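So the chains spell out like this:
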Amino acid sequence: MVVQAKRRRFTAEYKQRIVSEAERAKGSGGIGALLRREGLYSSTLTAWRREREAVIRQNWVQNVARQFGPYLWWAHNLIYSMIWTRECVGE
C-alpha cells in the first residue's frame, strides 16, 4: 500500500505567528532555524510576507476611500498630473 502525501494547510493565525517570529529573529541563522523547526521553505515565508503586505495595503486603501471618497478622483488626477509634469520637465 502506497501512502498518499497530503498538503498542509496553514491557518491565518499560524501564518501571522511565523511571520512575526521571523521579524523578531535575531542574529545570523535565526530565520533559518525557525524555518527548519517548522519545516517550511523560505519561499513560503516570502509569500506569507507578501500576503500580509497586500492585506495591509488593501486595508489602507479602503480606509482612505472611506474617509476621502468624494475627493479621491480629484486627488488621483492631481497627483498623476504632478508626476507627469515632473517627468516631462525633468525635475
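Scoring rules and cut-offs
Residues numbered from 1 in each chain as written. Predicted model: local features only at pLDDT ≥ 70, side-chain atom pairs only at ≥ 80, totals over all residues. Heavy atoms only, no water. Helix = DSSP H or I, 4+ residues; strand = E, 2+ residues; numbered from the N terminus. Buried < 20%, exposed > 50% of the residue type's maximum accessible area, 1.4 Å probe, protein only. Contact = heavy atoms within 4.5 Å. Areas by Shrake-Rupley, 256 points an atom, 1.4 Å probe, with all protein chains shown as cover. Core = buried A, V, L, I, M, F, W, Y, C linked by side-chain atoms within 4.5 Å. pLDDT = per-residue confidence, 0-100. Phe/Tyr/Trp six-rings, centres within 6.5 Å; stacked < 30°, edge-to-face > 60°. Arc of directions from axis to C-beta. Patch = residues over 30% accessible without salt bridge, like charges linked within 9 Å, V, L, I, M, F, W, Y side chains within 5 Å. Salt bridge = Lys/Arg side-chain N within 4 Å of Asp/Glu carboxyl O.

## Overview of the overall build of the chain
Here is step 1 of the chain: For the chain, the count of helices and strands is four helices and zero strands.
Here is step 2 of the chain: Secondary structure of the chain in N-to-C order comes out as α-α-α-α.
Here is step 3 of the chain: Taken over 91 residues, the chain has a buried fraction of 15%.
Here is step 4 of the chain: For the chain, the share of sequence-separated contacts (at least 6 apart) that also reach a separation of at least 24 residues comes to 50%.
Here is step 5 of the chain: Roughly 8200 Å² of accessible area belongs to the chain as shown, and the carbon and sulfur atoms make up 58% of that amount.

## Quick notes on the nonpolar core
Here is step 1 of the chain: Judged by nonpolar contacts, Tyr14, Ile18, Val19, Ala22, Leu34, Leu35, Leu40, Leu45 and Trp48 together constitute the single largest core of nine residues.
Here is step 2 of the chain: When residues of this core are traced back to their parent elements, those giving at least two are helix 1 (12-24), helix 2 (30-38) and helix 3 (42-68).
Here is step 3 of the chain: With four residues, helix 1 is the largest single contributor of residues to this core.
Here is step 4 of the chain: Leave out the neighbours within four places in its chain, and Tyr14 touches Glu38, Leu40 and Trp48.

## Notes on the confidence of the model for the chain
Here is step 1 of the chain: Mean pLDDT over the chain stands at 83; residues scoring 70 or higher make up 84%.
Here is step 2 of the chain: No element of the chain has a lower mean pLDDT than helix 4 (residues 72-89), which averages 68, and none a higher one than helix 2, which averages 95.

## Observations concerning the packing of aromatic side chains
Here is step 1 of the chain: Going through the model one piece at a time under the given rule, you end up with three aromatic pairs.
Here is step 2 of the chain: With a centroid separation of 6.0 Å and 85° between ring planes, the pair formed by Tyr14 and Trp48 is classed as edge-to-face. Here the residue Tyr14 occupies a position in helix 1, and Trp48 occupies one in helix 3, the gap between them amounting to 34 residues.
Here is step 3 of the chain: Three or more aromatic residues link up through ring pairs in this structure, and these residues are Phe10, Tyr14 and Trp48.

## Notes on helix 2
Here is step 1 of the chain: Buried within helix 2 are the following residues: Gly30, Leu34, Leu35 and Glu38. For helix 2, the arc enclosing every buried residue in end-on projection is 135°, short of the 170-degree limit, so these residues lie on one face.

## Some details on a nonpolar patch on the surface
Here is step 1 of the chain: A surface patch of nonpolar side chains, amounting to about 480 Å² of accessible area, comprises Phe68, Tyr71, Trp74 and Leu78.
Here is step 2 of the chain: The exposure class of Phe68 is partly exposed, given its relative accessible area of 42%.

## Focus on the pattern of salt bridges
Where side chains of opposite charge bring their charged atoms close, a pairing between them can arise.
Here is step 1 of the chain: Per the counting criterion, the structure on display carries five salt bridges.
Here is step 2 of the chain: Between Glu21 and Arg17 there is a salt bridge, with the nearest N and O atoms lying 2.7 Å from each other. In this pair, Glu21 and Arg17 are both assigned in helix 1, four residues apart and thus about one turn of the helix distant.
Here is step 3 of the chain: Linking Glu23 and Arg52 is a salt bridge whose minimum nitrogen-to-oxygen distance equals 2.5 Å.

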